Amino acid sequence: MALSPSGPHGLVRTATSVLAAFAVILSGLGNHRAAAAPAPVSAGSPSGHHHQSLDTRQANIGKPVAFFLAGDSTTAAQSSTGGGWGPGFLSTLDTTRGATGRNFAKDGATTVSFVADGLWAQLTSSARLAVAEGRDTFVTIQFGHNDKNPAKGISLDAYQANLARMAGDVAALGATPILVTPLTKRLFDTNTTPPRVDDDLAWQQNRTLVAAVQGGFPFVDLHRRSMDYVNAIGPASAAAYSRVPGDNVHINARGSVVFGRLVADLVSKNLPRTGAWIKKDAELTGKIQAGVPA
Ligand SMILES: *[C@@H]1O[C@H](CO)[C@@H](O)[C@H](O)[C@H]1NC(C)=O
């Protein structure tokens, strides 16, 4: 696939509306689709186990949710080297009614290092335990900011295959994977009027969506929605969410609340059964939808 200078933005825009419809179909079908799809599962996963995991998932629907987050610094907790949407998202879970979650995202992680460093094994064993405890268990998977670094040597094909394999692993253990396209950066092209985000993650968005559609996995297009929001509020308001002034990648505590809310609203829209466990914030949701600073 050639990387044209203009990028796949037009195609992605068009495909995204098709995908929005697809997401509705997916959520309408519940998770039968995700589990039944010929998704790449871990080698040696017997099909009997696969069916058993589908039964477990069905039995856990309606039970309190557990969310496990896989990703890089744009999902991770706020720190001196990172800051993402994970903490804000987890704060939307209704823990008073038994919902729970844990953020495994790590600064600098790629789809390769997250597995090599043992974080994927830790996450999947926590997810397996949650399934066994009778929780309706979800795993969000968002990578790309570091996978795209040429020094990592991860091709787009490998990135896509790694995402699909992770999603397949989650489905095989009786949980529901949610592929998440990368949070936008807040780096603007100031030569345009009004200024627009200078998007260098369009191919990672594309490959995450392709992995989701090909595998029949649920997804949320955070990249598209976060970029639309950042474009709507403009550079000055977007900068207020930066971890520190000038950091156009990582977000501060308020940014985590805002973009975590954006993720929560997308998740409850695309996977409606999660909505009962996600606390509402009509004011914040309204501001994000209206494209005004929050
Ligand atoms: C991904 O990019 C390819 C190649 O440009 C395009 O054909 C396809 O429609 C895109 N898919 C999505 C989901 O954006």
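Residues numbered from 1 in each chain as written. Predicted model: local features only at pLDDT ≥ 70, side-chain atom pairs only at ≥ 80, totals over all residues.

Per an unreviewed UniProt entry, the protein is named SGNH hydrolase-type esterase domain-containing protein, and its organism is Microdochium trichocladiopsis.

Moving on to the overall build of the protein. Helices and strands together make up the secondary structure of the protein, namely 11 helices and 7 strands. The buried share of the protein, reckoned over its 294 residues, is 49%. Look at the contacts in the protein between residues 6 or more apart in sequence, and 77% of them connect residues 24 or more apart. (Helix = DSSP H or I, 4+ residues; strand = E, 2+ residues; numbered from the N terminus. Buried ≥ 20, exposed ≤ 12 C-beta atoms within 10 Å, placed from the backbone. Contact = placed C-beta atoms within 7 Å.)

Another point: the sheet that holds strand β2 (residues 100-103). One open sheet holds the 5 strands; their spatial order is β2-β1-β3-β4-β7, and the pairing between them is parallel. Edge positions in the open sheet fall to β2 and β7 (219-220), since each of these has one partner strand only. Bridge count for strand β1 (residues 65-71) against β2 is 4 bridges, and the pairing is parallel. Within β2, the position partnered with Phe-68 by the bridge is Arg-102. With respect to the sheet, helix α7 (residues 156-172) is in contact with β1, β3 (136-142) and β4 (176-180), its orientation differing from that of β4 by roughly 155 degrees. (Pairing = 2+ DSSP bridges. Axes fitted to C-alpha atoms, helices over the stretch in contact; angles between N-to-C directions.)

At a closest axis distance of 11 Å, the pairing of helix α9 (residues 222-239) and helix α10 (residues 253-270) adopts a crossing angle of 130 degrees. The angle between α9 and α10 places the two elements in the oblique class. Classified by chirality, the crossing of α10 by α9 is right-handed. On α10, the residues touching Leu-222, Arg-225, Ser-226 and Tyr-229 of α9 are Phe-259, Leu-262, Val-263 and Leu-266. (Parallel < 35°, antiparallel > 145°, perpendicular 65-115°, else oblique. Left-handed = near helix turned anticlockwise from the far one by under 90°.)

Cis geometry marks the peptide bond from Thr-193 to Pro-194, where omega comes out at -10 degrees. By the secondary structure assignment, Pro-194 is in the loop between β5 (188-189) and β6 (196-197).

What follows deals with the environment of Thr-92. By the secondary structure assignment, Thr-92 is in the loop between α4 (86-90) and β2. Thr-92 sits 187 residues away from Lys-279 along the chain, and the two C-alpha atoms are 5.2 Å apart. Dropping the residues within four chain positions of it, Thr-92 is found in contact with Gly-260, Arg-261, Ala-264, Ile-278 and Lys-279.

With that settled, consider α7. Taking 1.5 Å per residue, 17 residues should reach 24 Å; α7 reaches 24 Å between its end C-alpha atoms and fits that length. In terms of residue burial, α7 counts as a mostly covered element, since 13 of its 17 residues are buried. In the stretch just after α7, Gly-174 is the one whose phi turns positive, near 95 degrees. (Expected span 1.5 Å × (residues − 1).)

The subject of this paragraph is the pairing of β4. For β4, a buried count of 5 out of 5 residues is recorded, marking the element as mostly surrounded by other parts of the structure. Each parallel crossover has a hand, and for β3 linked through α7 to β4 it is right-handed. Here β4 runs beside β7; their pairing, made up of 2 bridges, is parallel. Opposite Val-180, over in β7, you have Val-220 as the bridge partner. (Right-handed = clockwise from strand over helix to strand, strands pointing away.)

Here α10 crosses helix α11 (residues 282-290) at 90 degrees, and the two axes come no closer than 10 Å. Between α10 and α11, the angle falls in the class roughly perpendicular. Two secondary-structure elements touch here, α10 through Val-258, Arg-261, Leu-262 and Asp-265 and α11 through Leu-284, Thr-285 and Ile-288. Of the residues contributing to the contact of α10 with α11, the split by class is 4 nonpolar, 1 polar and 2 charged. (Nonpolar A, V, L, I, M, F, W, Y, C, P; charged D, E, K, R; others polar.)

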